[in-house]
Amino acid sequence: MELNIQPILPEIFICAMACVILVLDLYLKPERRTIAYVLTVMTLLVAAGLYWQDFATGSAVYLNGMFIKDRFSDVVKIAICLLSLLVFVYSREYIKARDLFLSEYFVLGLFAVLGMMVMVSAGHFLALYLGLELLSLSLYAMVAFQRDSSVATEAAMKYFVLGALGSAMLLYGMSIIYGLTGSLDISVVRGIVAAQAAPDNVILVLGLVFILVSLAFKIGAVPFHMWVPDVYHGAPTSSTLFVSTAPKLAGFAIIIRLLVGGLEDLHFMWRDMLIVLAVLSMLLGNLIAIAQTNLKRMLAYSAISHMGFMLLGILAGTPNGYSAGLFYGLVYTFMGLGGFGIVVLLSRAGYEADELDDLRGLNQSHPWYAFLILIFMFSMAGVPPTLGFFAKLSVIQAVIDVELTWLAVIAVLFTVIGAFYYLRVIKLVYFDPPAVAAREISATADLRVLLSANAVALVLLLPMVGPIQEMCTQAIASVVGAF
Amino acid sequence: MTFTQLAFYFFATVLIFAAAMVVSIRNPVKAALFLVLAFFSAACVWITLEAEFLAIVLVLVYVGAVMVLFLFVVMMLDINLARMREGFGEYLPIGGLIAVLMVLEIAIVLTSGGFGEEQFPRPEGHPAGFSDTKELGRLIYTAYVYPFELAAVILLVAIVAAIALTLRKRPDTKYLDPARQVTVKKADRLRVVKMPAEKRADRTTEGEA
């Protein structure tokens, strides 16, 4: 048997660089640790370049069906590389100020990225599960990284216990499907499931339910969302940034791989289950976010409601719906990055700017940053001249296309409810008197420039919406068309 | 009933009994010992299924290494069970409801006929001299080499995470640094001072003492 490692070269590169940084750290003086940081950022940049240079044209399967390389995987992987890169740049000063600027932090981050790459390309239950565990283990450690903080430790503990429960559910579901089909290869499973897909096949229903529950755990959809607010709030904001962005895309990717790639013939079953998850997520996320006084918790509940929206695209069950979901995921992760980026920007050593009151009257001292907050909040609320609006629009269109108009109406209603707490932030920033007299922002130039670019891109990329959606459509077509 | 079947039912009964004791017994050390029994009976069940290598590995790794460490931890940490049981009654109704539902669901699935003998015919037994260790090794290093390497990376992450979260340098402990001890030079420790000789006043008393 010949082993072709050419397609997994970028993954091998990331893994090798993580090991190099780990060893290099032994010989680095603490004041020279910036080298580890620069290497990490370069690694992610080069990996994104490798994916870009070897961009897939069709869909191919390698390593005995365990590794799928198609347009979808490459699009999502490039996005994951860029998101993680931005996360590290955003959080550099933050972790320096809190004595977390250790090479292990970057190594864990790189391994988490590796896990996400494996998940995105998984064509086999084993590879998918191992990728998920690699990601989760790294994330647990990153959340607990501030070991002197009891809040962070508690958050990590909750994340770990519930994450382990989610993984167990996934394994249980996979083993039931395996028991029925006798194969762990997702494309083989697809063939056998297609032949046996009947509403009265209780074995398939039970396996599907377990898999869906674990997926909902991992992306944080109601009623499996309990860990999200506590983890986002308790973790150091640098880790929150990481947890809340790229892993959501990876979660979307495994939903596509499992539900669309493997169990699409059960669409009539999982559609209703996803409707329940999506409606509950939008309802609970938006309503509870209103009651929050902490910015990080508010953004956590907003993340839950956004995940509900992303599920809307998937449950439509059409290529259009999936690509709308992918577009939503891409836009949301960049918005979420900006939202938590603001918290990082306003924080200083020994001071967390994570209460809503900390934002009061920001416009008077820092009009530009107030403007950035305005863009992020408008985009999350889905106010027109931003990408957030088009993301919501395309998802709702996909839902209407499959004649679920009532669901579209509910989604719009909850968006209006959600607009309240986003607009409240803007009101605090622009119309309230400042809480503290003079607020200094000690952010470095790269953070200021990139965060500004991040916000401005949400508006300036509008002419590009067509091409981006086209890219998403082609990416999804490479998954759906592969069968 | 053949001997294999008899052995299977015997060890399966022991396994279920031991597993039930693990979660229901009050003493954590006894619970850990029942877990050892559960692992051992599971290994015996695997042997009846002709998976000898896996059975031996289960005994060696889990019973031999993991459970011993587990017992050490249980004995060293003074776990207050009374506090851990607080709120147990409070969560019992909903937890029990979910447990009953799960058991019912699984019973429905198992009795649905999807796992009967017609779907899964009895596999052919292996000929004498068949080495499942060799087969396993061949599969792991060829067809499953990708997941195998991924598992290795996961272990590396576990090591990195454990060290990053627990290693702390305490300046107040008095520890030896062999590297510094070896590289120390005479000049670092010893200072040769030149000073004029002094004349001792009373030589005789020192000599007598």
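Calculation rules
- Residues numbered from 1 in each chain as written.
- Chains lettered and ligands numbered in written order.
- Predicted model: local features only at pLDDT ≥ 70, side-chain atom pairs only at ≥ 80, totals over all residues.
- Heavy atoms only, no water.
- Contact = heavy atoms within 4.5 Å.
- Buried area = accessible area lost by both parts, 1.4 Å probe.
- Polar contact = N/O pair within 3.5 Å; in protein donor to acceptor, adjacent residues only side chain to side chain.
- Helix = DSSP H or I, 4+ residues; strand = E, 2+ residues; numbered from the N terminus.
- 1 Å grid on protein atoms, 1.4 Å probe; cavity = no way out; pocket = protein on both sides within 12 Å on 5 of 7 lines; lining within 4 Å.
- Points joined across faces, edges and corners; volume = space filled by probe spheres on them.
- Nonpolar A, V, L, I, M, F, W, Y, C, P; charged D, E, K, R; others polar.
- Expected span 1.5 Å × (residues − 1).
- Buried < 20%, exposed > 50% of the residue type's maximum accessible area, 1.4 Å probe, protein only.

### Observations concerning the interface of chain A and chain B
Then, in step 1: Taken together, the contacts link 36 residues of chain A with 28 residues of chain B.
Then, in step 2: Of the roughly 2700 Å² buried at the junction of chain A and chain B (both faces included), carbon and sulfur atoms supply 83%.
Then, in step 3: Across the chain A-chain B interface, the total number found is four residue pairs in polar contact (both at pLDDT 80 or more).
Then, in step 4: Listed by contribution, the elements that provide at least two residues to the side of chain A that touches chain B are α1 (9-24), α4 (103-120), α5 (125-143), α6 (150-181) and α8 (202-219) of chain A.
Then, in step 5: Sorting elements by how many residues they give to the side of chain A that touches chain B places α5 of chain A first, with eight residues.

### Observations regarding the layout of surface pockets
Then, in step 1: Within this model, the largest pocket holds a volume of roughly 1500 Å³.
Then, in step 2: Going through the elements one at a time, α5 and α6 of chain A together with α6 (132-141) and α7 (145-166) of chain B are the ones with two or more residues in the lining of the largest pocket.
Then, in step 3: Looking at the lining of the largest pocket residue by residue, the classes come out as 27 nonpolar, two polar and one charged.
Then, in step 4: Put simply, the second largest pocket is a space of about 1100 Å³.
Then, in step 5: Lining the second largest pocket are 16 residues, with Phe8, Thr48, Leu49, Arg122 and Pro123 of chain B positioned closest to its centre.
Then, in step 6: Examining the composition of the lining of the second largest pocket, we find that four residues originate from one element, helix α1 (residues 3-24) of chain B, more than from any other.
Then, in step 7: Counted by class, the lining of the second largest pocket contains six nonpolar, six polar and four charged residues.

### Details of helix α13 (residues 295-316) of chain A
All names here are of chain A.
Then, in step 1: Between its first and last C-alpha atoms α13 spans 32 Å; for 22 residues at 1.5 Å apiece the expected length is 32 Å, and the two agree.
Then, in step 2: Along α13, 22 of the 22 residues are buried, which leaves the element largely enclosed by surrounding structure.
Then, in step 3: Regarding α13, its N-cap is asparagine 294, as a side-chain oxygen of that residue lies 2.8 Å from the backbone nitrogen of lysine 296 further along.
Then, in step 4: Positive phi shows up at glycine 317, right after α13, with a value of about 75 degrees.

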